[in-house]
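What follows is each chain in one-letter form.
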Amino acid sequence: MSDDGSGPSYRIEDEVMIRLDGRVAIVTGAGGGLGRAHALLLAQRGARVVVNDTGAAAEQVAEEIRAAGGDAIAAVGSVTDEAFVVRMVADAVQRWDRIDILVNNAGILRDKTFARMAIDDFRLVVEVHLMGAVICTKAVWETMRTQKYGRIVMTTSSSGLYGNFGQSNYGAAKMALVGLMQTLALEGERYGIRVNCLAPTAATQMMEGVLPNDMLRLLKPEFVSPAMLALVRDDAPTRAILCAGARGFEGAQVSLARGIHIHADDGAPEAVVSRWDEIFDFTNAFVPDNALEQSRLELAKAGYTPDTPS
């Protein structure tokens, strides 16, 4: 236990240290804030790092890693630029022969209520967060399939999982990344590719003005990066949603209630309303293995089995 009795306090020797020696990682949006913290921690644990950002800060972070004895290169460009991303990946493969880890971290904010938000601002946020992650993931996918190893982190958010006032564009993009993760984890499993989501709360440039200063001081990006490391280790999980901030770590999931079956055709809408609490009873909820689990559950409640004549 810790001295204040708040919970267990672990020393590094109490656990098997996560090492990434020989691994090659790309971190997008790594010129500052959360991405920088991710890149530095990956390098500290032995990974060779491609530091991506749109400005000169990428080279500064790469130099910081090299000065500490690590190996890193900068890649200056936007994740929405397909040609640039393809070059970035090709350069890394040419230099180090592989790509093991991709941390999709790049992002922007354009917060306004939906009534006041321009479609261009909605589209831009989706383009950077969602399509940027798609473009980068697509660029590394074949390399990871061929080498039969890959670790991919999508940066989601509680704004996507649970909603947040004034962030319809951001929330939509972030929840879309969860759906992308769920499917890519299924498709990548046979190739040793594991895909997870990280939902951070961190005091980054994007958060300035969103949270008060006294809260921001508790939300250092460095407090989130251990969660990222746990998602890219050799024995990483897949299809996990891990939340992290202020040294707190929480799991999230998309679950399905067992629900009910309504036999009647007439009055079915009214029955849905009257039995709403049963439909939303999550006592025996479960996390589906894939999208077909919903139809299997519903057909089972209707009395269908694979041997039932159609």
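Relevant structure appears above.
Small disclaimer: the values here were computed from a predicted structure and weren't measured.

Caption draft 1: A look at the environment of L297. Here L297 is to be found in helix α11 (residues 292–301). For the pair L297 and R23, spaced 274 residues apart in the sequence, the C-alpha separation amounts to 41 Å.

Caption draft 2: A look at the pairing of strand β8 (residues 248–252). Here strand β7 (residues 241–245) pairs with β8 via five bridges, running antiparallel. Along β8, the bridge assignment pairs G245 with G248. Connecting β7 to the antiparallel partner β8 that follows it, the hairpin turn spans two residues, and A246 within it adopts a positive phi of roughly 55 degrees.

Caption draft 3: Examining the state of the cysteines more closely. Enumeration over the complete set of coordinates arrives at zero disulfides. Take C197: it sits in no disulfide, and the sulfur closest to it among the cysteines is that of C243, at 9.7 Å. Judged by relative accessible area, C243 falls into the buried class, the value being 9%.

Caption draft 4: View of the packing of helix α4 (residues 119–147) against helix α6 (residues 168–188). Interaxial distance between α4 and α6 falls to 8 Å at its minimum, and their mutual angle equals 20 degrees. As the angle between them shows, α4 and α6 are arranged roughly parallel. Crossing geometry of α4 relative to α6 is assigned as right-handed. Along its contact with α4, which presents D121, F122, V125, V126, H129, L130, A133, V134, T137 and W141, the element α6 presents S168, N169, Y170, A172, A173, K174, A176, L177, L180, L184, E187 and G188. Grouping the amino acids of the contact of α4 with α6 by side-chain chemistry returns 14 nonpolar, five polar and three charged.

Caption draft 5: Local environment of the sheet that holds strand β5 (residues 150–155). A sheet is described by the order of its strands in space; here eight strands give the open sequence β3-β2-β1-β4-β5-β6-β7-β8, paired in mixed fashion. Strands with a single pairing partner mark the edges of an open sheet, and in this sheet they are β3 (72–76) and β8. Across this sheet, the average inter-strand angle for adjacent strands is 20 degrees, counted without regard to direction. In the packing of helix α1 (residues 33–44) onto the sheet, the strands contacted are β1 (24–27), β2 (48–53), β4 (101–104) and β6 (193–200), and the crossing angle to β1 comes to about 170 degrees. Lying over the sheet, helix α3 (residues 82–96) contacts β1, β2 and β3, oriented at roughly 165 degrees with respect to β2.

Each value, and the rule that gives it
- Residues numbered from 1 in each chain as written.
- Predicted model: local features only at pLDDT ≥ 70, side-chain atom pairs only at ≥ 80, totals over all residues.
- Heavy atoms only, no water.
- Helix = DSSP H or I, 4+ residues; strand = E, 2+ residues; numbered from the N terminus.
- Pairing = 2+ DSSP bridges.
- Disulfide = S-S within 2.5 Å.
- Buried < 20%, exposed > 50% of the residue type's maximum accessible area, 1.4 Å probe, protein only.
- Axes fitted to C-alpha atoms, helices over the stretch in contact; angles between N-to-C directions.
- Parallel < 35°, antiparallel > 145°, perpendicular 65-115°, else oblique.
- Left-handed = near helix turned anticlockwise from the far one by under 90°.
- Contact = heavy atoms within 4.5 Å.
- Nonpolar A, V, L, I, M, F, W, Y, C, P; charged D, E, K, R; others polar.

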